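Structural overview
Here are the chains, one letter per residue:
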Amino acid sequence: MASANLKLALVAIALAIVIALVIVSSQTGERQVSLVVVNGTVVTMDGAGRVIPNGAVAIDGSDIVAVDTADAIQRQYRGTETIDAAGQVVLPGLINTHTHAPMVLFRGLADDLALMEWLTKYIFPAEAKTVSPEFVRAGTRLAALEMIQSGTTTYTDMYYFEEEIAKETKGAGLRGVLGQTVIQFPVPDAKTPADALARAETFINMFKGDPLITPAVAPHAMYTLDGPTLMAARALSMRHGVPTLIHLAETRDEVKTAQDQYKASPVGYLDRLGFLGPGVVAAHGVWVSEPEIMVLRQRNVGVSHNPESNMKLASGTAPVPGYLAAGVAIGLGTDGAASNNDLDMFDAMQTASLLHKLQTGDPRAVSARTALEMATIGGARALGMADRVGSLEPGKRADVIVVGMATARQTPMYDPISHLVYTTRGDDVRTTIVHGKVLMRNRQVLTLNEASVLAEARGWAEKVRAAVN
Ligand SMILES: [Zn+2]
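Read on for an overview of the structure. (Residues numbered from 1 in each chain as written. Predicted model: local features only at pLDDT ≥ 70, side-chain atom pairs only at ≥ 80, totals over all residues. Heavy atoms only, no water.)

Moving on, we come to the coordination of the zinc ion. Geometry sets the ideal angles at a metal, namely 109.5 degrees for four tetrahedral donors and 90 or 180 degrees for six octahedral donors. Here the zinc ion is held by His98 (NE2), His100 (NE2), His247 (NE2) and Asp335 (OD), and the distances to it run 2.1 to 2.5 Å. One can describe the site at the zinc ion as irregular: its four donor atoms subtend angles covering 85 to 176° at the metal. Taken in sequence order, the residues that donate to the zinc ion follow the motif H-x1-H-x146-H-x87-D. You can see His98 sitting in strand β6 (residues 94–99) and its partner His247 sitting in strand β10 (residues 244–248), a full 149 residues away along the chain. Both residues of the pair, His98 and His247, count as buried. (Donors = N, O, S within 2.8 Å, 3.2 Å for Na, K, Ca; no water. Tetrahedral: all angles 85-135°; square planar, octahedral: opposite > 155°, others 65-115°. Helix = DSSP H or I, 4+ residues; strand = E, 2+ residues; numbered from the N terminus. Buried < 20%, exposed > 50% of the residue type's maximum accessible area, 1.4 Å probe, protein only.)

Have a look at this one:
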């Protein structure tokens, strides 16, 4: 009996020791992870729309491992690096679903013109004389610097020498869906559309499977390509399972061209060709009727809404409330900096929200939450990447930004989502993290030399000015 009691006592003591160890270890953080962002207001953009007032995000390597209260995260995780986000807002990095990164070098070159005049008198001639691998590399470095500084973590690009753009994007640490342009007339990187298609395929093979770069094919538009080339570009992207990026129904001129040449609307024409389907990301979608919205929905086409570019070029107002009601995957874009004139996605959110209130006479047409959704998870859906980015959830890539909320303009703060859309600017972003790597800490960009990127861009501006004079 005595020995049985002794055994029982020993078991009880052992159990108590184990329990004590578990408590102690959980208090100090059981699991070592690479990075913990703590004490911020975490706006997750997850399915439940969770906002965690004193929250934290645990990151290990490239992935988010946990999103919870700061207490819970600190009990379970110990970060090799810790970022204190007290007084700041932590949210998924912003997703720019349409731009032309190197066009930052044409920023402010020609303003206050309609699309066709702007393109044919200024942009196409300037591009013909200046665009080269060196030009796109310098332009991409400048664009990447601006995007990192303003909280964009994934961007979608359509331009020339896309492999050079991809190398610089990787170097800067950004995530990119990068489309090699296919266009009918001779351009700096291709004499013919067949050259451009061959270049696109080489590019796809070069970057397929890359953790940061999703290569894509970018047939420019229905008005700059014939039907067979459009379909060849589409077939190429389908063969490789990569996105197809196109400008669609941007202006009334495009609608007129489609009517005159094909007796159809731009959407009707592309659908008749069999072009529309999953993986197509259509930029603008301004001149799209209600029934055509349903066509885009049925074909699973993603739409990129670019309110600032559409307003600046007086292209028109996209039927965004219609897209939202129909359940079309819709994201926000800046378009190239030459028609915006910056790459600030906070501007894009605010403009989208204000524009559709005015257009519809309904202040609820695009709410702050909806605008923020379009800039994050909505953009991820439009690009077919919602399983990887667009929200702060365990298992997704760690693309995270930390936004300061301490300026006079942001004081006081009742609702972080209101502030993110209506008062915050790109400059308020303090920290930018992509794929678990800190690209900017306290406004210090770590992957690019800011001074040399800016100096180099000013040097290119001299050549651009000479080209259009
Ligand atoms: Zn564009």
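Along the polypeptide, Thr376 turns up in helix α14 (residues 368–382). Since its relative accessible area comes to 0%, Thr376 is described here as buried. Contact partners of Thr376, with chain neighbours within four places excluded, come to Met45, Pro92, Gly93, Leu94, Ile95 and Gly390. (Contact = heavy atoms within 4.5 Å.)

Under the defined criterion, the tally for this structure stands at 24 salt bridges. Among the salt bridges present, the one from Arg137 reaches Glu168, with a minimum N-O distance of 2.8 Å. Here Glu168 lies in helix α5 (residues 162–172) and Arg137 lies in helix α4 (residues 133–149), a separation of 31 residues in the sequence. In this structure, Asp271 engages Arg299 in a salt bridge whose closest nitrogen and oxygen atoms are separated by 2.7 Å. In this pair, Asp271 sits in helix α9 (residues 266–273) while Arg299 sits in the loop between α10 (290–298) and β12 (302–305), placing the two residues 28 residues apart along the sequence. (Salt bridge = Lys/Arg side-chain N within 4 Å of Asp/Glu carboxyl O.)

All right, on to unusual backbone geometry then. Cis geometry marks the peptide bond from Asn340 to Asn341; its omega dihedral reads 10°. Of note, Asn341 is situated in the loop between β13 (330–332) and α13 (345–360). Thr411 connects to Pro412 through a cis peptide bond whose omega is -5°. The residue Pro412 is located in the loop between β14 (400–404) and α15 (416–422) in this model. If you check the backbone angles, Ala249 has positive phi at about 50° while not being a glycine. Looking at the element boundaries, Ala249 is found in the loop between β10 and α8 (252–262). Look at Ala249 and you get buried, because its relative accessible area is 0%.

On to the packing of helix α7 (residues 227–240) against α9. The axes of two packed helices give the description: the angle between them and the distance between them. At their nearest, the axes of α7 and α9 sit 10 Å apart, and the two run at 65° to each other. Compared by their axis directions, α7 and α9 come out roughly perpendicular. Two packed elements cross with a definite hand, and for α7 against α9 that hand is right-handed. Along its contact with α7, which presents Gly227, Leu230 and Met231, the element α9 presents Tyr269, Leu270 and Leu273. Residue composition of the contact of α7 with α9, grouped by class: five nonpolar, one polar and no charged. (Axes fitted to C-alpha atoms, helices over the stretch in contact; angles between N-to-C directions. Parallel < 35°, antiparallel > 145°, perpendicular 65-115°, else oblique. Left-handed = near helix turned anticlockwise from the far one by under 90°. Nonpolar A, V, L, I, M, F, W, Y, C, P; charged D, E, K, R; others polar.)

This paragraph deals with the side chain of Ser237. Its place among the elements puts Ser237 in helix α7. Judged by its relative accessible area of 0%, Ser237 is buried. One polar contact links Ser237 to Thr244, side chain to side chain, over a distance of 2.4 Å. Not counting the four nearest positions on each side in its chain, Ser237 is found in contact with Val217, Val242, Pro243 and Thr244. (Polar contact = N/O pair within 3.5 Å; in protein donor to acceptor, adjacent residues only side chain to side chain.)

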